[in-house]
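A structural walkthrough
Chain residues, written in single-letter form:
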Amino acid sequence: MDGDGKRLSSYLSARSAAPGVPGLVELSRSAPGAKVLLFAHPVGGSLLTYQPLVRRFPEYACWGLESSREVLDGGEPTESMQDLARRYAEVLAEHCPDVDLVCGWSFGGALAWEIANLLAARGKRPKVVLLDSTWSTIEYEESTHAEELEWFVRDALRSGGHDGEFLASTESEAAEIVGMDEETFSERLRIFGHNSRLLRKWKPTPGDLDVVIVRAAESFKRDWRTVSSGEVDFQELPGEHYGLLQNADPLATIEKIIRSALDLPVSTPVVSTGVEPDLHAALKELVDTPHWRDLVLRARKMEPEAIAEAYRELGGRGLLTPDWPVEFGGAGLPTKTGVELFEQFIATGLPDLVYALTVQIVGYFVLKSGSDRLKQDLLPRISRGEEFATVLYSEPRAGSDLASLRARADRRGDRYVLNGVKVFSIYSHLSGSALVAARTGDDGHKYDGITLFVIDLAAPGVTVELVETIQPEQMCRVRLKDVEVESWRRIGEEGRGWALLDGALAIERTGIDHVVRAARWLKALRAAAVGSDELQLLEGQVECATTVARAATEVFLRPDATATDTAVAKLYTSETCQQVGHEVLRRWRTLRTEPQDGLVREELLSGLTESPGLTLSAGSSEIMLSTLSVDLKEEYATRCRDILHRFGGELADAVVEVLEPVGAGIKAKPLFSYSADRRAALAGTLAELGFDQVETPEDDGGLGLGLAVGCSINLSLGYLGFENAYQPSAEPGAREGRVRHAAYVLGLGLGLFRTAWEHAAGREQFGRKLVDIDALMFPLIRSYAELHAVSTRLQEIANTLPGLDDAALRRFELLEQDVLVRAVRASMQVLGAQGITEWSVASRFYLRCAENLGLAA
């Protein structure tokens, strides 16, 4: 690895997870409660070696122990590996969550073993995976400075994937060989020498931990069964010591070993099981028939027999719930598979709300929180397509405010008696079961005392009445009169339904049903001879919404999922779908008089009649904005950084933390007005730290982290309001340059949003802070949701650019420009007169946006 990469490694690795915590680095962020993986540094002290492995665990919290000058100089000098481990263990106890697994390579394995024993002695027994770690059997001898210099250079080169002869006689010459500045080289050499001495003297502490030993076939061997009385599992991989963490095959095996040690799911490609291709083929065989087209056309006209037959056809082929457990009718496949199949069969025109209500909401909710008897009774019938289910939440006086519901469920022995009226439910006249929210108590807060049940809609006392609406999918009023419900049909604990209900709403808010519907309506508009140029922006928006919805389907099943996680998805996907419907509305006078294919006509009618209600169900747009408002008031800075972290995590933090203090000392005008000299200086700073090597392939001496990670630098520069000074050493391509520019523009939008929010949080008018005035803030909050959605799509584009056609990239650029204009408008409105003064930071952000918006020729 060349010097710039090493300087970047030195900078990133020396940064602590928290101020004043030398040696502890948060390598990746994850959801609260995720498994914690700890990586102990090798002899050179840098954590860069582990980056290819850490990237394989994005869903878990990865921490690292990094050796630095502060670690060496803090407290008494460490005289043994055990002493060094004790120093790190103290830091871990105070600043790191409980560690589930400790891993180390080479010297890092020795350190990991000692730390694991100390953690076990304190009551926390982590799993241990050691990568090619041994100890010396010869008597320790002090090495000379020249020997340490030679060993260090050779280790640095081989750790970076390079071999080379040692041809230096001084530290200055050696620093030139490995490409480090002399100060960094001197510090790293000192760390290497210190750790080498500890390793040569080390004798492992006996322990009783279970440990997996991964050995390279061409390395020295030691029998760890003489050290641990626990279970010792040996795994030998082909190759040599340095190749374990550099080559894809051993890395994949090590990933599986770590996941197996923690009983974590192993990531599996969509088509790798041998089952999924059969499901896709089975679906294609079904939908490519005249019979299916006839079923769909009749189902779109709301013929109950056609809807029921279509879903029985899907269920009989295992296409409705492939991601459910086998015992409930599924195949145990990834959630992604179920979403893909849903998108494909709904794209044929089949009404989607039947599936959304039955499988995505009631089915998953029972799967997640229902009793064993309820699961066994209901889920297999749903999986086979033999029964539909609906949701009974809303009441005449409790629509979006479900905490005001009045339906009651009174306990009588081993069952409950339900009374009340539910309105605006969909497909209740076709369903066999319903998820009902009822009040079982009146004490305490209005959110207390709500209980959930799954009832039989054919039970005595249940009356279902149709309510005529303008849309084909009919609504119902359901009256409950002394309806008896067995206690095993209760979901969760009595009176604790609000938290579960919140989770159920999160399931409804993924938006996957909205984007599939929007795609169908767009297809119908194109079939009705609406010009493709007129639909480009809408198509780009639907593509973006689809990415957002797919991402949300991976979130709502997490144990820590909240309504906030999917509020952006619900808001963005429902409003996008509604805008497609409004396009039908604008053209309806012409469309209704022109001859159309039967299914196209049904789709256009659906777009016209269904779009008004899309932003109402599962929480209106205003409720989504309120949800986001509460979160942003508490965490607006964190939420902005979260978007940066989507692309680069530590790298984005590094750019901001290096450059932000520089900008703080410069007045607004010289900072935000363009300066060629400052741009060159920024580019030089980035190159000095090695940021220009982020995208350069590892074979060429770079970090090989890819375009998406490189975009985090553009994004961070825009977020700070600096010039777009990122100049990757990798050969720049026109398409890659457009994606980086899009990241920079997105950063400008985020920076202006942050500026506006900070102003609103500190400014009062008429006795209220601006941030508390919904009429003013809702457009700004909506712009945040749109920026968030655009960032999700941009990351996908950066990761899949080679396979993306130019038309899709252009549609995204149109979409981003449209979003940024609205974000700028909303921000400037919140900022008021201060935003347009010549000296304000906001006005400079505004002008910089103006300079960078617009499409490339």
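As a reminder, the structure under discussion sits directly above these lines.
Residues numbered from 1 in each chain as written. Predicted model: local features only at pLDDT ≥ 70, side-chain atom pairs only at ≥ 80, totals over all residues. Heavy atoms only, no water.

A look at the overall build of the chain
- Across its full length, the chain carries 29 helices and 17 strands.
- Counting contacts in the chain only where the partners sit at least 6 residues apart, residues at least 24 apart contribute 74% of the total.
- Carbon and sulfur atoms make up 51% of the accessible area of the chain, which amounts to about 35,500 Å² in all. (Helix = DSSP H or I, 4+ residues; strand = E, 2+ residues; numbered from the N terminus. Contact = heavy atoms within 4.5 Å. Areas by Shrake-Rupley, 256 points an atom, 1.4 Å probe, with all protein chains shown as cover.)

Some details on the nonpolar core
- Counting 148 residues, the largest nonpolar core has Tyr311 and Leu314 as its most contacted members.
- Per-element tally for this core: the top contributor is helix α26 (residues 734-762), with 13 residues.
- Ignoring sequence-local partners within four residues, the contact set of Tyr311 consists of Leu320, Ile346, Leu350, Pro351, Asp352, Val354, Tyr355, Arg384, Gly385 and Phe388.
- Core analysis: the next-biggest nonpolar cluster, separate from the first, contains 47 residues, Leu38, Val99, Ala112 and Ala116 among them. (Core = buried A, V, L, I, M, F, W, Y, C linked by side-chain atoms within 4.5 Å. Buried < 20%, exposed > 50% of the residue type's maximum accessible area, 1.4 Å probe, protein only.)

Some details on the sheet that holds strand β5 (residues 127-131)
- Reading across the sheet, the seven strands line up as β1-β3-β2-β4-β5-β6-β7 and stay open at both edges, with mixed pairing between neighbours. Of all strands in the sheet, those bounded by a partner on one side alone are β1 (24-28) and β7 (232-237). Neighbour to neighbour, the strand axes of the sheet diverge by 20° on average, direction disregarded.
- Two elements, β1 and strand β3 (residues 61-65), share four bridges in a ladder whose sense is antiparallel. By the bridge assignment for β3, Glu26 is matched with Trp63.
- Packing against the sheet, helix α9 (residues 248-261) makes contact with β2 (36-40), β4 (101-105), β5, β6 (211-216) and β7, and its axis sits at approximately 165° to β5. (Pairing = 2+ DSSP bridges. Axes fitted to C-alpha atoms, helices over the stretch in contact; angles between N-to-C directions.)

With respect to the pairing of β4
- Taken across its five residues, β4 has five buried, putting it largely inside the fold.
- The alternating pattern of β4 places Leu101, Cys103 and Trp105 on one face and Val102 and Gly104 on the opposite face, and all of these are buried.
- Across four bridges, β2 lies against β4 in parallel orientation. Within β4, the residue paired with Leu37 across the bridge is Leu101.
- Relative to β5, β4 runs parallel, the two being bridged by five bridges. When the bridges of β5 are listed, Val102 appears paired with Val128.

Describing unusual backbone geometry
- Despite not being glycine, Asp132 shows a phi value in the positive range, around 55°.
- Assignment of secondary structure puts Asp132 in the loop between β5 and α6 (145-159).
- A residue is classified by how much of its surface remains accessible, and Asp132, at 6% relative accessible area, is buried.
- A positive phi angle, close to 65°, is found at Met302, a residue other than glycine.
- Assignment of secondary structure puts Met302 in the loop between α11 (290-300) and α12 (304-316).
- Judged by its relative accessible area of 18%, Met302 is buried.

Considerations on the side chain of Glu66
- Mapping Glu66 onto the fold places it in the loop between β3 and α3 (69-73).
- Looking at Glu66, the relative accessible area reads 1%, which means it is buried.
- A polar contact is formed between the side chain of Glu66 and the backbone nitrogen of Leu47, at a distance of 3.0 Å.
- There is a polar contact of 3.1 Å between the side chain of Glu66 and the side chain of Arg188. (Polar contact = N/O pair within 3.5 Å; in protein donor to acceptor, adjacent residues only side chain to side chain.)

Points about the packing of aromatic side chains
- Under the defined criterion, the tally for this structure stands at 16 aromatic pairs.
- Ring plane angle 50° and centroid distance 5.4 Å describe the contact between Phe152 and Phe192, whose orientation is recorded as tilted. Remark: Phe192 occurs in helix α8 (residues 182-201) and Phe152 occurs in helix α6; sequence separation between them is 40 residues.
- Judged by its relative accessible area of 5%, Phe192 falls in the buried class.
- Ring geometry for Phe345 against Tyr355: centres 5.6 Å apart, planes inclined by 75°, an arrangement best described as edge-to-face. Note that Phe345 is positioned in helix α13 (residues 335-346) and Tyr355 in helix α14 (residues 353-369), a separation of 10 residues in sequence.
- Assessed through its relative accessible area of 0%, Phe345 is described here as buried.
- Exposure remark for Tyr355: the relative accessible area of 3% places this residue in the buried category.
- Site record: aromatic cluster; members linked through ring pairs are Trp113, Trp135, Trp202 and Trp224. (Phe/Tyr/Trp six-rings, centres within 6.5 Å; stacked < 30°, edge-to-face > 60°.)

Quick word on the packing of helix α27 (residues 774-800) against helix α28 (residues 806-831)
- Running from N to C, α27 and α28 cross one another at 155°; their axes reach a closest spacing of 9 Å. Here α27 is positioned roughly antiparallel relative to α28, judged by the angle of their axes. Between α27 and α28 the crossing geometry is left-handed. Mapping the contact onto sequence places Leu776, Met777, Pro779, Leu780, Ser783, Glu786, Leu787, Val790, Arg793, Leu794 and Ile797 in α27 and Ala808, Leu809, Phe812, Glu816, Val819, Leu820, Arg822, Ala823, Ala826, Ser827, Gln829 and Val830 in α28. (Parallel < 35°, antiparallel > 145°, perpendicular 65-115°, else oblique. Left-handed = near helix turned anticlockwise from the far one by under 90°.)

Some points on α26
- A rise of 1.5 Å per residue sets the reference length of α26, with its 29 residues, at 42 Å; its end C-alpha atoms lie 43 Å apart and thus fit the reference within 8%.
- Counting buried residues in α26 gives 21 out of 29 residues, a clear majority hidden from the surface. (Expected span 1.5 Å × (residues − 1).)

Overview of the environment of Leu614
- With respect to the helices and strands, Leu614 occurs in the loop between α20 (598-610) and α21 (621-647).
- Residue Leu614 is classed as buried on the basis of its relative accessible area, which comes to 4%.
- Sequence spacing of Leu614 and Ser574 is 40 residues, and the spatial spacing of their C-alpha atoms is 5.6 Å.
- Discounting residues that sit within four places of it in the chain, Leu614 has contacts with His514, Arg517, Trp521, Lys570, Ser574, Cys577 and Gln578.

Quick word on helix α24 (residues 676-688)
- The first and last C-alpha atoms of α24 sit 18 Å apart over 13 residues, in line with the 18 Å expected at 1.5 Å per residue.
- The complete set of buried residues in α24 reads Arg678, Leu682, Ala683 and Leu686. Taken down its axis, α24 places every buried residue within 140° of arc, on the same side. For α24, the exposed residues set more than 90 degrees away from the buried face come down to Asp677 and Ala680.
- One or two residues past the end of α24 sits Gly690, with phi positive at roughly 90°. (Arc of directions from axis to C-beta.)

Quick look at the pattern of salt bridges
- As enumerated under the stated definition, the model contains 47 salt bridges in all.
- The shortest N-O distance in the salt bridge between Glu543 and Arg793 comes to 3.9 Å. Here Glu543, found in helix α18 (residues 536-555), pairs with Arg793, found in helix α27; they are 250 residues apart in sequence, far enough to count as distant.
- Of the charged contacts, one joins Arg848 and Glu723 as a salt bridge, the two residues approaching to 3.8 Å between their closest N and O atoms. Taken together, the residues Arg848 in helix α29 (residues 841-852) and Glu723 in the loop between α25 (706-720) and α26 connect sequence positions 125 residues apart. (Salt bridge = Lys/Arg side-chain N within 4 Å of Asp/Glu carboxyl O.)

Some details on the environment of Ala756
- Looking at where Ala756 falls in the secondary structure, it is placed in helix α26.
- Residue Ala756 is classed as buried on the basis of its relative accessible area of 0%.
- For Ala756 and Val824, which are 68 residues apart along the polypeptide, the C-alpha to C-alpha distance reads 9.6 Å.
- If sequence neighbours within four positions are ignored, Ala756 has contacts with Leu780, Ser827, Val830 and Leu831.

Remarks on the packing of α21 against α26
- Running from N to C, α21 and α26 point in directions that differ by 155°, and their axes come no closer than 11 Å. By the angle between their directions, the pair α21 and α26 is classed as roughly antiparallel. Remark: the crossing between α21 and α26 carries left-handed chirality. Residues Ser629, Leu632, Lys633, Tyr636, Cys640, Ile643 and Leu644 of α21 lie in contact with α26, whose contacting residues are Leu750, Phe753, Arg754, Trp757 and Glu758.
- For the contact of α21 with α26, the class distribution of residues is eight nonpolar, one polar and three charged. (Nonpolar A, V, L, I, M, F, W, Y, C, P; charged D, E, K, R; others polar.)

That is the geometry; function is a separate question.
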